[in-house]
Amino acid sequence: MLPTFLIYYGWIPTAPPEQCQFDRVLSSMQCVVLGAGLATPHHPNSVTARGFIQSHPLIHFYGYISVGMSLDQPRHTMQEIVQSARQWDKLGAQGILLDCAGPDYGVTTFRLRSCVHALHREGLHVIVNAWNPHACLAVGLTPEDGYLEENWTPHHHPKDYYYAKTLAQQGIQIYAVIDYTYHTQAFFVNAMWRGYSYANYLAYTAHNAGCTPITPN
């Protein structure tokens, strides 16, 4: 059975009926990414999030940090990234999703490598979200880390399959989600599973805080 993966950027409910429904969905997941800012001490949902994380020790929780340097991204300094990572760690997350982490967002190999090493020093795992998997080949990822293939499209060059396959062969986990409604399950399966079904893919897509199962042919 494939592991399950969910990106959830919404509010963690506090009312009992909504809590039960939320718990029923997320309890089936092995890996859950939570949204930016949730770990800051003043966030009104942080106490609820901490309690939820503590009550689900079998789920691997990741916190969100953007490392983008262009296209309206926050251009965080390394000090800010580490500070945010420590807040996520204190909340109970085991790792960090580094978003907007490729050259299309102005992120150099040096910057991404520095981020990965800094988070490893904090004892945290890393999932890197970059459009081109080539950006993740020499940044210090280990088999405890992952690469996120988000919204894989026909615009990806065939060499991108090769680079993603190379990461998988190195033992790095490959995560996959779609949030474009026009991407059908058939397209996703044909694009993502062609040629490397041996890889340990995480098989759920996040869309509007819901999840749609995706299975290989």
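To start, this report covers the structure provided alongside it. (Residues numbered from 1 in each chain as written. Predicted model: local features only at pLDDT ≥ 70, side-chain atom pairs only at ≥ 80, totals over all residues. Heavy atoms only, no water.)

## Things to note about the nonpolar core
Consideration 1: In this structure, Leu34, Trp88, Leu98 and Val128 are the most contacted members of the largest nonpolar core, which totals 43 residues.
Consideration 2: Those residues in contact with Leu98 that sit more than four places away from it in its chain are Ile65, Val67, Leu112, Cys115, Val116, Leu119, Val126, Ile127, Val128 and Asn129.
Consideration 3: By size, the runner-up hydrophobic cluster in this structure holds 11 residues, among which are Phe5, Cys31, Tyr62 and Val177. (Core = buried A, V, L, I, M, F, W, Y, C linked by side-chain atoms within 4.5 Å. Buried < 20%, exposed > 50% of the residue type's maximum accessible area, 1.4 Å probe, protein only. Contact = heavy atoms within 4.5 Å.)

## Topic: the pairing of strand E4 (residues 95-99)
Looking down a regular strand, the side chains alternate between one sheet face and the other.
Consideration 1: The buried fraction of E4 is high, at five of five residues.
Consideration 2: In E4, alternate side chains face the same way, and those of Gly95, Leu97 and Asp99 on one face and Ile96 and Leu98 on the other are all buried.
Consideration 3: Note that the unit made of strand E3 (residues 60-66), helix H3 (residues 78-91) and E4 has a crossover that is right-handed.
Consideration 4: Pairing of E4 with strand E5 (residues 125-129) involves four bridges; the strand directions are parallel. Across the sheet, the residue bridging to Gly95 is His125, located in E5.
Consideration 5: On the question of chirality, the crossover connecting E4 to the parallel E5 by way of helix H4 (residues 109-121) is right-handed. (Helix = DSSP H or I, 4+ residues; strand = E, 2+ residues; numbered from the N terminus. Right-handed = clockwise from strand over helix to strand, strands pointing away. Pairing = 2+ DSSP bridges.)

## Here we look at the pattern of salt bridges
Consideration 1: Throughout the structure, instances matching the rule amount to one salt bridge.
Consideration 2: Among the salt bridges present, the one from Glu122 reaches Arg86, with a minimum N-O distance of 3.0 Å. Placement of Glu122 in the loop between H4 and E5 and of Arg86 in helix H3 is noted, with a sequence separation of 36 residues between them. (Salt bridge = Lys/Arg side-chain N within 4 Å of Asp/Glu carboxyl O.)

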